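# A look at the structure
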Amino acid sequence: MNDSSRGAPPTAGYWGAYEQGAGPAVDAAREGRPADPAHEGYPAAAAHDGYAAGPGHDGRPVGTAFDGYPAGPAHDGRDAQQTRPMPIVPDGPAGGGDQDDDRGAARQDGPAPRARRDDTPQEPVAVPQPAPPESPEQPRSAEPPKKRAGRDLPAAIGVGVGLGAVVAASLFIVKAVFVGVIAVAVVIGLWELTTRLSEQKGIKPPLVPLAVGGAAMVVAGYARGPEGAWVAMALTALAVLIWRMTEPPEGYLKDVTAGLFAAFYVPFLATFVALILTADDGPWRVLMFLVLTVVSDTGAYAVGWRFGRHKLAPRISPGKTREGLAGAVVFAMVAGALCMQFMIDNGVWWQGLLLGLAVAASATLGDLGESMIKRDLGIKDMGTLLPGHGGIMDRLDSLLPTAPVMWLLLVLFVGS
């Protein structure tokens, strides 16, 4: 530095004072301006060319103020950290960029400088998700759902007991009354069958000749035996053919065919119950016929509902199982042995076993046959007359094919 710029030549005393840290104070006294404050023994930085002196440091190089930036403030004797100059940020729109520069400087009058983000990729933190609440519609249950019966059991039992009382009363008081019960059941069964055929398939068998001929078949079978039943069947078929001629020819063949099927399926098979009744112990034979058929159905239902696993004929009747068929056979054979031994004159228990086996087979086939008809028609029951049972035909399905089997075996075992 040239001392001539300060207005006085340098002296040895001056340089000695400068080396002791009092140079700036001497300069200030010579120039008539106040001296810089003392820094508690730290060497003061000299001002150069009009720049303000930087803060004093304990033996480290003094930072020089430059380019119009003010020097950092002096510190009161403690170790001061070197401060970086604040860059002049041009005025801009509010909310402008506030990113840190490479030197870590912050905007003036702006928010506090943010910490520098670590560029090291972080692994995502797995946030535990709460378990979904249990749905109220599907509560958890440790036990499998229980099987439920497909029908109203109290109503079915009540109707069955009532029908049994009517049958028993008519059977043992006056045989002719029971024949009338059979005829009424036949007429109602024909009405249910022809109505369902008309509704579901558009097939219209003539009901009037079927009802009259069906009732005549039952009466003729009881009065004249098998010959009378066959004659009545032939006359009924002829009446169906003639009656249908009074209507247009369209659909004639399918109507009369369905009529002949109905005449054979309902009244002709029911006539064998009247034939059973003609024997001297006819009421007991009819009672055994009814008991074996009901026991077979009950055994099939109870065992199949409780233990059924293997389907017997799923395409025809999905509810029937092989286990149910076994139950029907066992129940019917036991009942047949007991009934044959104690109810039928000259009957033997082993005959009852064979009779029970035959009844279980025919009752099951009859039930499957009517189920086949209902599947073809697309209905569940033939009617709604009997609560818990459906229609009359839903109760006659097992009885009708069993009647001729029962009549034939009884004739072979104990005569007519």
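Here's a quick rundown of the structure.

Thresholds, definitions, all that
Residues numbered from 1 in each chain as written. Predicted model: local features only at pLDDT ≥ 70, side-chain atom pairs only at ≥ 80, totals over all residues. Heavy atoms only, no water. Patch = residues over 30% accessible without salt bridge, like charges linked within 9 Å, V, L, I, M, F, W, Y side chains within 5 Å. Areas by Shrake-Rupley, 256 points an atom, 1.4 Å probe, with all protein chains shown as cover. Salt bridge = Lys/Arg side-chain N within 4 Å of Asp/Glu carboxyl O. Helix = DSSP H or I, 4+ residues; strand = E, 2+ residues; numbered from the N terminus. Buried < 20%, exposed > 50% of the residue type's maximum accessible area, 1.4 Å probe, protein only. Core = buried A, V, L, I, M, F, W, Y, C linked by side-chain atoms within 4.5 Å. Contact = heavy atoms within 4.5 Å. Axes fitted to C-alpha atoms, helices over the stretch in contact; angles between N-to-C directions. Parallel < 35°, antiparallel > 145°, perpendicular 65-115°, else oblique. Left-handed = near helix turned anticlockwise from the far one by under 90°. Nonpolar A, V, L, I, M, F, W, Y, C, P; charged D, E, K, R; others polar. Pairing = 2+ DSSP bridges. Phe/Tyr/Trp six-rings, centres within 6.5 Å; stacked < 30°, edge-to-face > 60°. Lys NZ or Arg CZ within 6 Å of the ring centre and 35° of its normal.

Together, Val330, Phe331, Val334, Leu338 and Phe342 make up a nonpolar patch on the protein surface, roughly 520 Å² of accessible area in all. Among the secondary structure elements, Phe342 is positioned in helix H8 (residues 322-342).

On to the pattern of salt bridges, then. Taken as a whole and assessed by the stated rule, the structure comprises eight salt bridges. The partner of Lys374 in a salt bridge is Glu370, and the shortest N-O contact between them spans 3.9 Å. Of this pair, Lys374 and Glu370 both sit in helix H9 (residues 349-377), four residues apart, which is roughly one turn of that helix. With respect to class, Lys374 is no different from Glu370; both count as buried. Between Lys374 and Asp394 there is a salt bridge whose closest N-O contact spans 3.1 Å.

A word on the nonpolar core. Core analysis: the biggest nonpolar cluster contains 58 residues, and Phe178, Val286, Met288, Leu355 and Met406 have the highest contact counts within it. Residue assignment for this core shows that the elements contributing at least two residues are helix H3 (153-173), helix H4 (175-201), helix H5 (207-244), helix H6 (252-277), helix H7 (282-307), H8, H9 and helix H10 (393-414). The element contributing the most residues to this core is H6, with 14 residues. Ignoring sequence-local partners within four residues, the contact set of Met406 consists of Ile276, Arg285, Met288, Phe289, Leu292, Leu355 and Val359.

With that settled, consider the packing of H7 against H8. In contact at an axis separation of 7 Å, H7 and H8 are set at 150 degrees when each is read in the N-to-C sense. Between H7 and H8, the angle falls in the class roughly antiparallel. For H7 against H8, the interelement crossing comes out right-handed. Between H7, through Met288, Val291, Leu292, Val295, Ser296, Gly299, Ala300, Val303, Gly304 and Phe307, and H8, the contact on the second element is made entirely by Glu323, Gly324, Gly327, Ala328, Phe331, Ala332, Ala335, Gly336, Cys339 and Met340. Residues of the contact of H7 with H8, tallied by class, amount to 13 nonpolar, six polar and one charged.

The next point concerns the side chain of Lys320. Summarising the element assignment, Lys320 is placed in strand S2 (residues 317-321). With residues up to four places along the chain from it excluded, the contact list for Lys320 reads His310, Lys311, Leu312, Ala313, Asp367, Leu368 and Ser371.

Relative to the helices and strands, Leu410 resides in helix H10. With a relative accessible area of 1%, Leu410 lands in the buried category. Beyond its immediate stretch of four places on either side in the chain, Leu410 contacts Ile276, Arg285, Met288, Met340, Leu355 and Gly415.

This part takes up the pairing of S2. With two bridges connecting them, strand S1 (residues 311-313) and S2 associate as antiparallel partners. Bridge pairing links Ala313 to Ser317 in S2. Count of turn residues in the S1/S2 antiparallel hairpin: three residues.

Per the stated rule, a full pass over the model turns up seven aromatic pairs. A centroid spacing of 5.4 Å and a plane angle of 10 degrees characterise the contact between Phe261 and Tyr265, whose relative ring orientation is stacked. Linking Phe261 with Tyr265, this pair stays in helix H6, spanning four residues, or about one helical turn. Classification of Phe261 as partly exposed rests on a relative accessible area of 38%. With 6.2 Å between their ring centres and 70 degrees between their planes, Trp350 and Phe413 make a pair best called edge-to-face. Here Phe413 lies in helix H10 and Trp350 lies in helix H9, a separation of 63 residues in the sequence. Among the aromatic residues, ring-to-ring pairing joins Trp230, Phe264, Phe268, Phe272 and Trp407 into one connected group. The side chain of Arg306 reaches across the aromatic face of Phe307, ending 5.2 Å from its centre.

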